[in-house]
Amino acid sequence: MEFQTHTGTSPEKAAVWLHKGETTAIPTETVYGLAANALDAEAVVKIFSVKNRPTFDPLIVHIKSIEAMDDYADDIPDEARLLANTFWPGPLTLLLKKKNNIPDLVTSGLDTVGLRMPAHPLTLQLLHLLDFPLAAPSANPFGYISPTTAEHVHDQLGGKIPYILDGGPCRVGIESTIAGFEYGHCTVYREGGITTEQLEAALGKPVTVKRTAVPHPVTPGMLESHYAPRTPMYVGDVEALARDFQYKLVGIISFQKEYTLPNTECIVLSTSGNLEEAAMHLFAAMRELDGGHADVILAEHMPDAGLGRAINDRLRRASVKI
Ligand code: TXA
Ligand code: MG
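Our focus in this paragraph is the overall build of the protein. Scanning the protein from N- to C-terminus turns up 11 helices and 16 strands. The C-alpha atoms of the protein give 19 Å as radius of gyration, which agrees with the globular expectation for 322 residues (20 Å, within 12%). Considering only C-alpha atoms, the protein reaches an extent of 55 × 50 × 35 Å along its principal axes. Counting only residues that meet the buried cut, the protein has 58% of its 322 residues in that class. By sequence separation, contacts in the protein at least 24 residues apart represent 67% of the contacts at least 6 residues apart. Counting only carbon and sulfur atoms, one obtains 52% of the accessible surface of the protein, whose full area is about 13,400 Å². Once the 27 positive and 39 negative side-chain charges of the protein are each reduced to a mean point, those two points are 3 Å apart.

Okay, here's the thing in structure tokens:
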């Protein structure tokens, strides 16, 4: 379906399209989402066609309040409630046993549903205008970098969706943390905006992180190659890599240090060495270098703690394996 894509700041306009069973891009604190009525399989299927996404990939359901958990999930463990109360609205998705009102298409036939209450005022306003929650993956074509501005969404999905709700640049900049409960034990499947340390502090005990790719990933966010720019990208010691490769133009993504090597364009994620700021700028930096003339992108590892681990995970998945 072809649309003239409008961008604006009106939750009411977004609600009109969503009520008609169409998709709309929505801002969240993590990345922009491509939303549709989560209770209407005919609307949800449009998300997959707009994104070119394989239908085996389940979608996160965005809800308007903590209480709304009980409308879509059963047998909610106390620890899940504790995490929701601590971190919602915020960048944490909880995998819970799904109720029957969630179509199988949303969960790809799994018996769990990923629920999250996003922390963005416009999207919360929008959710309050609707009598259904919003299924929304990141608003990028499948496998490509997640969008962190309305303009990124327009660049990739313009003409395919009727409306982009513009909430400005995303504050967190990387996707939500995905956590579930295996035999009552909290397990992280995707590291994201809420750090493992924060979860452990809230629960008062260790959590397990399972991020290694398996042949049938529990969450396709675990696919090895994901969030990838089209320009080949390598992660490591950028000075050594730049010397070894001797490309015509090298794009560099650095944490804190400005590299002034010949034939390089360097984007520094945070001159003050702040991981939150680095996360916020990461995807826009990848996108900018991917859209320029660099024939390779070199990125350096972030410190391996807190949000640095979630950023390193995105870098690893975006890069060519060597
Ligand atoms: O921050 C975010 O989480 C953003 C914003 C828009 O909320 N959304 C996002 O969605 O990153 P997406 O679809 O790009 O990534 C969600 C990941 C996918 O890897 C999906 O497989 C996994 O969550 N997922 C969703 N529901 C699941 C379920 N029931 N069981 C296992 N994995 C699930
Ligand atoms: Mg995604």
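With that settled, consider the pairing of strand 10 (residues 177-182). Counting buried residues along strand 10, five of its six residues qualify, which places the element largely inside the surrounding structure. Where strand 6 (residues 92-98) and strand 10 come together, three bridges link them in parallel fashion. Directly across from L92, in strand 10, lies its bridge partner T177. Examined bridge by bridge, strand 10 and strand 11 (residues 185-190) share five bridges and lie antiparallel to one another. Paired with E182 across the strands is H185, a residue of strand 11. Counting the residues between successive antiparallel strands, the hairpin from strand 10 to strand 11 contains two residues, one of them, Y183, with a positive phi of roughly 50°.

The next thing to look at is the pairing of strand 6. The buried count for strand 6 comes to six of seven residues, which makes it a mostly enclosed element. Note that strand 5 (residues 73-74) and strand 6 share two bridges and pair antiparallel. By the bridge assignment for strand 6, D74 is matched with K97. In this sheet, strand 7 (residues 112-116) lies alongside strand 6 in antiparallel orientation, the contact comprising four bridges. Bridge pairing in strand 7 links L96 to V113.

Moving on, we come to the pattern of salt bridges. Scanning the entire structure with this criterion turns up 15 salt bridges. Between K46 and E22 there is a salt bridge, with the nearest N and O atoms lying 3.4 Å from each other. Linking K46 in helix 2 (residues 41-51) with E22 in the loop between helix 1 (11-19) and strand 2 (24-26), this pair joins segments that are 24 residues apart in sequence. What emerges from the salt-bridge pattern is a single network uniting E175, D313, R314, R316 and R317.

Here the focus is the sheet that holds strand 15 (residues 264-268). In space, the four strands of this open sheet follow the order 13-16-14-15, with parallel pairing throughout. This sheet does not close on itself; its edge strands, each paired only once, are strand 13 (233-235) and strand 15. Each neighbouring strand pair of the sheet contributes to a mean axis angle of 20°, computed without reference to strand direction. In the sheet, strand 13 pairs with strand 16 (residues 296-299) via three bridges, with the strands oriented parallel. Along strand 16, the bridge assignment pairs M233 with I297.

Let us look at the packing of aromatic side chains. Within this structure, the stated rule accounts for one aromatic pair. Here F3 and W17 contribute two aromatic rings whose centre-to-centre distance is 5.9 Å and whose plane-to-plane angle is 80°, an arrangement assigned as edge-to-face. Of this pair, F3 sits in the segment before strand 1 (6-8) while W17 sits in helix 1, placing them 14 residues apart in sequence. One Lys or Arg, K20, reaches over the ring of W17 and ends 4.4 Å from the middle of that ring. A cation over a ring is seen here: R230 above Y144, with NZ or CZ 4.3 Å from the ring centre.

For helix 8 (residues 196-203), the set of buried residues is T196, L199 and L203. With its buried residues spanning 60° around the axis, helix 8 presents them on a single face. On its buried face, helix 8 is in contact with helix 4 (78-87), strand 6, strand 10, strand 11, strand 12 (208-209) and helix 11 (307-318). A positive backbone phi angle near 70° is found at G204, which sits one or two residues after helix 8.

Next up on the list: the packing of helix 1 against helix 6 (residues 121-129). In the contact formed by helix 1 and helix 6, the axes pass within 9 Å of each other and the chain directions differ by 45°. Taken together, the axes of helix 1 and helix 6 are oblique relative to one another. Judged by the twist between their axes, the crossing of helix 1 over helix 6 is right-handed. Of helix 6, the residues touching helix 1 (which contributes P11, E12, A14, A15, L18 and H19) are L122, Q125, L126 and L129. Looking at side-chain class alone, the contact of helix 1 with helix 6 contains seven nonpolar, two polar and one charged residues.

What follows deals with the confidence of the model for the protein. Low pLDDT means the predicted atomic positions in that stretch should not be read closely. The share of residues in the protein with pLDDT of 70 or more is 93%, and the mean pLDDT across the chain is 91. Per-residue pLDDT stays below 50 along residues 213-217; that stretch engages in four contacts with residues further than four places along the chain or on separate chains.

Rules used in this analysis
- Residues numbered from 1 in each chain as written.
- Chains lettered and ligands numbered in written order.
- Predicted model: local features only at pLDDT ≥ 70, side-chain atom pairs only at ≥ 80, totals over all residues.
- Heavy atoms only, no water.
- Helix = DSSP H or I, 4+ residues; strand = E, 2+ residues; numbered from the N terminus.
- Rg over C-alpha atoms; globule rule 2.2 N^0.38 Å.
- Buried < 20%, exposed > 50% of the residue type's maximum accessible area, 1.4 Å probe, protein only.
- Contact = heavy atoms within 4.5 Å.
- Areas by Shrake-Rupley, 256 points an atom, 1.4 Å probe, with all protein chains shown as cover.
- Lys, Arg positive; Asp, Glu negative; His and termini not counted.
- Charge placed at Lys NZ, Arg CZ, Asp CG, Glu CD.
- Pairing = 2+ DSSP bridges.
- Salt bridge = Lys/Arg side-chain N within 4 Å of Asp/Glu carboxyl O.
- Axes fitted to C-alpha atoms, helices over the stretch in contact; angles between N-to-C directions.
- Phe/Tyr/Trp six-rings, centres within 6.5 Å; stacked < 30°, edge-to-face > 60°.
- Lys NZ or Arg CZ within 6 Å of the ring centre and 35° of its normal.
- Arc of directions from axis to C-beta.
- Parallel < 35°, antiparallel > 145°, perpendicular 65-115°, else oblique.
- Left-handed = near helix turned anticlockwise from the far one by under 90°.
- Nonpolar A, V, L, I, M, F, W, Y, C, P; charged D, E, K, R; others polar.
- pLDDT = per-residue confidence, 0-100.

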